[in-house]
Every structure is written in C-alpha cells, then in structure tokens.
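# Structure at a glance
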Amino acid sequence: MTLVLELPEELQRRLRAISEDRHEAQEAVAVKAINEGLESLQASVPKHRTGAEVVASWRTSGAIGAWNDRSDIGDAVEFARELRRRSNERINE
C-alpha cells in the first residue's frame, strides 16, 4: 500500500535525525514508528467479549455506582432520563 503523508516540520526533522543515527532509510524508520504506535494504540483498547466483561470493566473503573453517594439524585434511572431530556432540548433549540 502506498500512503502519502504531509508531516509537520518537527516530525520531519526528528525522522531525519533518527534515520541518520540508525543509518536506516527514513521510510523504514517511519514504518517501524507507525507499527509500534499502532501496537500501542491497539493494546490500550479494551477487548471485551461478553456483556459480563463489559460490566466488570465498568465496575473496576468506577462507572457503575458513581452516583451511589449522591443524595441529590434520588432515582438514578429517572435522573438519567431527565439529563437526556435536557440534552435533547438543547440540541433541538
């Protein structure tokens, strides 16, 4: 696959410097950098296979139960509905 990229001057400078230090072609260094970056990004994406794994992840992150200590909310389901209603009103204005 051929991909043409416009790199900012700073990235061009860094790529050139690393290529010279390693005595490698800039294209080879760029491919390695992109590959490492993609692997890092892919590793940071949660890979949930089941709903139970998603729920466990939400529990671990604190998303589930985030409103437990709030006394001003009352019924959490009704509170969420009200937030959605207000949001829709703002969008439709």
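For the structure, see preceding data.
Residues numbered from 1 in each chain as written. Predicted model: local features only at pLDDT ≥ 70, side-chain atom pairs only at ≥ 80, totals over all residues. Heavy atoms only, no water.

## A look at the overall build of the chain
Put simply, the rule reads: Only DSSP runs of H or I with at least four residues qualify as helices, and only runs of E with at least two residues qualify as strands; both kinds are numbered from the N terminus onward. Computation of the radius of gyration draws on C-alpha atoms, with the globule rule given as 2.2 Å multiplied by the number of residues to the power 0.38. Burial classes follow relative accessibility: with a 1.4 Å probe on protein chains only, a residue under 20% of its type's maximum area counts as buried, one over 50% as exposed, and anything between as partly exposed. Every accessible area reported is derived by Shrake-Rupley at a probe size of 1.4 Å, with residue values counting cover from the shown protein chains alone. Asp and Glu count as negative and Lys and Arg as positive, but His and the ends of the chain are not part of the count. In this description, the location of a charge corresponds to atom NZ of lysine, CZ of arginine, CG of aspartate or CD of glutamate.
Helix and strand content of the chain: four helices and zero strands. Each helix and strand of the chain, ordered N terminal to C terminal, gives the series α-α-α-α. Expected size for 93 residues packed as a compact globule is a radius of gyration near 12 Å; at 24 Å, the chain overshoots this value by more than 25%. Once the C-alpha set of the chain is aligned to its principal axes, its extents read approximately 65 × 40 × 25 Å. Relative to its 93 residues, the chain shows a buried fraction of 5%. Just so you have it, the chain exposes about 8500 Å², and 53% of that area is on carbon and sulfur atoms. Computed over 14 positive and 17 negative side-chain charges, the separation of the two mean positions in the chain equals 5 Å.

## Brief notes about a nonpolar patch on the surface
So the rule is basically this: Patch membership requires more than 30% relative accessible area and the absence of a salt bridge. Residues of like charge join within 9 Å; the nonpolar side chains Val, Leu, Ile, Met, Phe, Trp and Tyr join within 5 Å. Here, a salt bridge means any Lys or Arg side-chain nitrogen found within 4 Å of an Asp or Glu carboxyl oxygen.
The grouping of Met1, Leu3, Leu5, Leu7, Leu11, Ile34, Leu38 and Leu41 at the surface amounts to a nonpolar patch, some 860 Å² of accessible area in total. Here Leu11 lies in helix H1 (residues 9-22). Judged by its relative accessible area of 39%, Leu11 falls in the partly exposed class.

## Focus on the pattern of salt bridges
Should their charged atoms come close, side chains of opposite charge can pair. Applying the stated rule across the entire model yields seven salt bridges. With a shortest N-O distance of 2.7 Å, Glu10 and Arg13 are connected by a salt bridge. With a gap of three residues between them, Glu10 and Arg13 both fall in helix H1, about one helical turn apart. Exposure remark for Glu10: the relative accessible area of 41% places this residue in the partly exposed category.

## Structural notes on the layout of surface pockets
Definition in use: Buried and open spaces are told apart on a 1 Å grid over the protein atoms alone, a cavity being a set of points where a 1.4 Å probe fits but cannot get out and a pocket being an open set with protein on both sides within 12 Å along at least five of seven lines. Residues with an atom within 4 Å of a point are the lining residues. Grid points are joined across faces, edges and corners, and a volume is the space filled by probe spheres set on the points. When residue character is reported, Ala, Val, Leu, Ile, Met, Phe, Trp, Tyr, Cys and Pro are called nonpolar, Asp, Glu, Lys and Arg charged, and the others, Gly included, polar.
In this structure, the largest pocket occupies an estimated 810 Å³ of space. Lining the largest pocket are 24 residues, and of these Leu7, Leu15, Gln26, Ala30 and Val31 lie nearest its centre. At the level of elements, H1 and helix H2 (26-43) are the ones that each hand at least two residues to the lining of the largest pocket. The greatest single-element share of the lining of the largest pocket, amounting to eleven residues, is contributed by H2. When grouped by side-chain class, the residues that make up the lining of the largest pocket number 14 nonpolar, four polar and six charged.

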